[in-house]
Amino acid sequence: MTKALAVLGSTGSVGLQALDVCRRLSIPVTALAAGRDVKTLEAQARAFQPRLVAMADEAAAKDLKTRLADLNITVIGGKEAPAEAAAMTEADTVLNAVSGIAGLRPTLAALRSGKRLALANKESLVAFGETVMAEAKAKQLPILPVDSEHSAIFQCLSGQPVRKLWLTASGGPFFGKSREELAAITPADALAHPTWQMGSRITIDSATMMNKGFEVIEAVHLFGVKPEQIEVVVHRESIIHSMVEYIDNAVIAQMSRPDMRLCVQYALTYPARTEAVIPPLSFSSLGGLTFFAPDTENFPLLPLAYEAIRRGGIVPAAMNGADEQAVALFLSGKLSFTAIADIVTEVTLSMPMVTAPTLEEVEAADREARRLVLEKA
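Reading guide: rules and limits
Residues numbered from 1 in each chain as written. Predicted model: local features only at pLDDT ≥ 70, side-chain atom pairs only at ≥ 80, totals over all residues. Heavy atoms only, no water. Helix = DSSP H or I, 4+ residues; strand = E, 2+ residues; numbered from the N terminus. Buried < 20%, exposed > 50% of the residue type's maximum accessible area, 1.4 Å probe, protein only. Polar contact = N/O pair within 3.5 Å; in protein donor to acceptor, adjacent residues only side chain to side chain. Pairing = 2+ DSSP bridges. Axes fitted to C-alpha atoms, helices over the stretch in contact; angles between N-to-C directions. Salt bridge = Lys/Arg side-chain N within 4 Å of Asp/Glu carboxyl O. Phe/Tyr/Trp six-rings, centres within 6.5 Å; stacked < 30°, edge-to-face > 60°. Core = buried A, V, L, I, M, F, W, Y, C linked by side-chain atoms within 4.5 Å. Contact = heavy atoms within 4.5 Å. Patch = residues over 30% accessible without salt bridge, like charges linked within 9 Å, V, L, I, M, F, W, Y side chains within 5 Å. Areas by Shrake-Rupley, 256 points an atom, 1.4 Å probe, with all protein chains shown as cover. Left-handed = near helix turned anticlockwise from the far one by under 90°. Nonpolar A, V, L, I, M, F, W, Y, C, P; charged D, E, K, R; others polar. Parallel < 35°, antiparallel > 145°, perpendicular 65-115°, else oblique.

(A) Representation of unusual backbone geometry in the model. With an omega dihedral of 10°, the bond running from tyrosine 270 to proline 271 counts as a cis peptide bond. Locating proline 271 in the fold gives a position in the loop between α12 (260-269) and α13 (301-311). You will see that serine 26, though not glycine, has its phi angle at about 55°, which is positive. By the secondary structure assignment, serine 26 is in the loop between α1 (13-25) and β2 (29-34). Serine 26 sits in the exposed class, given a relative accessible area of 63%.

See the structure below:
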């Protein structure tokens, strides 16, 4: 059970829900970190009275320091500030909900400072999974997954031999559409997710199924399985959040309303369970549960992720960097929806094989992939 928490990425969707859980469970918050949303972070700091707040944007940090001058709160700023917040204060658990590759160094800082890690930052495991898991093992610290799919698998595992992990996918807003239809998709269309309320990048990644590909890579690292032991199934209702299939063909599923607060709650209270912060599931009103194979022809980023984790090294990091840049171009109207997959695939498959890359090599691969996307766009 978490005694005190540091929340990184506190102004984003997961961060906001995490603070709601802290409020409901009376978990003290000792540190908050965000990018540049001064107004929201100021309100959070006044509400939770942490010892430390951090902003990655230095100008935003200066503004926040002025706004919080009447409170005894330390304000730090700069690119490394979220990582510093992860290591500082008396928090025993760090919830990392920083968006993008910027969350990697805070993940490492949290583990190296001996704190439990509640992880919502996909890039930490996608880009540098082997090292992150090795750091956790060396410190004998758990990595507690916050993503709904990995939280579901974590809850279903029993220590018995596993045959397969099933990751469910909503299918996004464009389930069943042809490539011709996808070519006309606008950013506004793609941001209208049918189930979850998320940040813009992850919403687009859900629409392209890149997000599900990232989750495959995360699952390989988190649960120590091979890529071929992970199967994705489209489940439009988003009631089953993922499943574990054992060697006797028994399948255990975790089910609940689609609400991230349950995943956050379980990560913060593990190994205990506490009274609910979300409404109960009503089986009589469900109507039915449906399942479909993913359309890998029109959504090729999912199979690309399998190829990236098989190649390993810097390839997954490059794929992530290419995708982050391509999504930004799409959102700004400079790239079509279908071009996201085309350009990310081209850049990813052009990456060289690098065995056991360093952090600096991973970050360099991320930068090079972004450069190539801008060059080819």
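(B) Molecular detail of the side chain of asparagine 96. Take asparagine 96: it is sitting in strand β5 (residues 93-96). A distance of 3.0 Å separates a polar atom in the side chain of asparagine 96 from the backbone nitrogen of valine 98. At 2.8 Å, the side chain of asparagine 96 forms a polar contact with the side chain of threonine 107.

(C) Examining the sheet that holds strand β8 (residues 162-169) more closely. Here 4 strands make up an open sheet; going across it, the order is β9-β8-β10-β11 and the pairing mixed. Here the strands that pair on one side only, and so sit at the sheet edges, are β9 (230-234) and β11 (251-255). Taking the axes of each pair of neighbouring strands and ignoring which way they run, one obtains an average angle of 20° across the sheet. Of the pairings in the sheet, the one linking β8 to strand β10 (residues 240-246) comprises 5 bridges and is antiparallel in character. Within β10, the position partnered with lysine 164 by the bridge is glutamate 245.

(D) Here's a closer look at the pattern of salt bridges. Per the stated rule, a full pass over the model turns up 29 salt bridges. With a shortest N-O distance of 3.4 Å, lysine 122 and glutamate 218 are connected by a salt bridge. Here lysine 122 is found in helix α6 (residues 122-139), whereas its partner glutamate 218 is found in helix α11 (residues 210-223), with 96 residues between them in sequence. Per residue, the accessibility class of lysine 122 equals that of glutamate 218, and both read buried. The residue glutamate 324 makes a salt bridge to arginine 370 at a minimum N-O spacing of 3.0 Å. Of this pair, glutamate 324 sits in helix α14 (residues 315-331) while arginine 370 is found in helix α16 (residues 359-376), placing the two residues 46 residues apart along the sequence. Comparing glutamate 324 with arginine 370, the two get one shared label, buried. Several salt bridges share partner residues, and in doing so they unite Glu123, Arg201, Asp205, Asp323, Glu324, Asp366 and Arg370 into one network.

(E) Spatial organisation of the packing of aromatic side chains. Under the counting rule described, the total for this entry stands at 6 aromatic pairs. Considering the side-chain rings of tyrosine 266 and tyrosine 270, the 5.8 Å spacing of their centres and the 70° angle between planes classify their relative orientation as edge-to-face. According to the relative accessible area criterion, tyrosine 266 is buried, its value standing at 12%. Centre to centre, the rings of phenylalanine 330 and phenylalanine 337 are 5.7 Å apart; their planes meet at 70°, and the pair counts as edge-to-face. Taken individually, phenylalanine 330 and phenylalanine 337 each receive the classification buried, so the pair is uniform in this respect. By the ring-pair criterion, three or more aromatic residues cluster together here, those being Phe154, Tyr266 and Tyr270.

(F) Just the nonpolar core, in detail. Judged by nonpolar contacts, the single largest core of 86 residues is most densely connected at Met319, Phe337, Ile340 and Val344. Per-element accounting of this core gives the leading share, 9 residues, to α14. Leaving out residues up to four positions away in the same chain, valine 344 has contacts with Leu301, Leu304, Met319, Ala322, Asp323 and Ala326. Counting residues in hydrophobic clusters, the runner-up holds 38 residues, among them Leu5, Val38, Leu41 and Leu64.

(G) Fine view of helix α15 (residues 337-349). Taken as a whole, α15 has its buried residues at Phe337, Thr338, Ala339, Ile340, Ala341, Ile343, Val344, Val347 and Thr348. Looking at the buried side of α15, the elements it contacts are α8 (179-183), α9 (187-190), α10 (200-208), α13, α14 and α16.

(H) Structural view of a nonpolar patch on the surface. Judged by side-chain polarity, Met255, Phe283, Leu289 and Phe291 come together as a nonpolar surface patch covering roughly 360 Å² of accessible area. You can see phenylalanine 291 is positioned in the loop between α12 and α13. Residue phenylalanine 291 is classed as partly exposed on the basis of its relative accessible area, which comes to 39%.

(I) The arrangement of the packing of helix α7 (residues 148-156) against α11 in detail. Closest axis-to-axis distance for the α7/α11 pair is 10 Å, and the angle between their directions is 30°. Relative to α11, α7 is oriented so that their crossing is right-handed. Where α7 approaches α11, its residues Glu149, His150, Ile153 and Phe154 are matched on the opposing element by Lys212, Glu215, Glu218, Ala219, Leu222 and Phe223. Residues that form the contact of α7 with α11 fall into these classes: 5 nonpolar, 1 polar and 4 charged.

(J) Seen up close, the packing of helix α2 (residues 38-48) against helix α3 (residues 58-67). At their nearest, the axes of α2 and α3 sit 10 Å apart, and the two run at 40° to each other. Judged on the interaxial angle alone, α3 and α2 are oblique. For the pair α2 and α3, the sense of crossing is right-handed. Touching Val38, Lys39, Leu41, Glu42 and Arg46 of α2 are Ala60, Asp63, Leu64 and Arg67, all from α3. Considering only residue class, the contact of α2 with α3 consists of 4 nonpolar, no polar and 5 charged.

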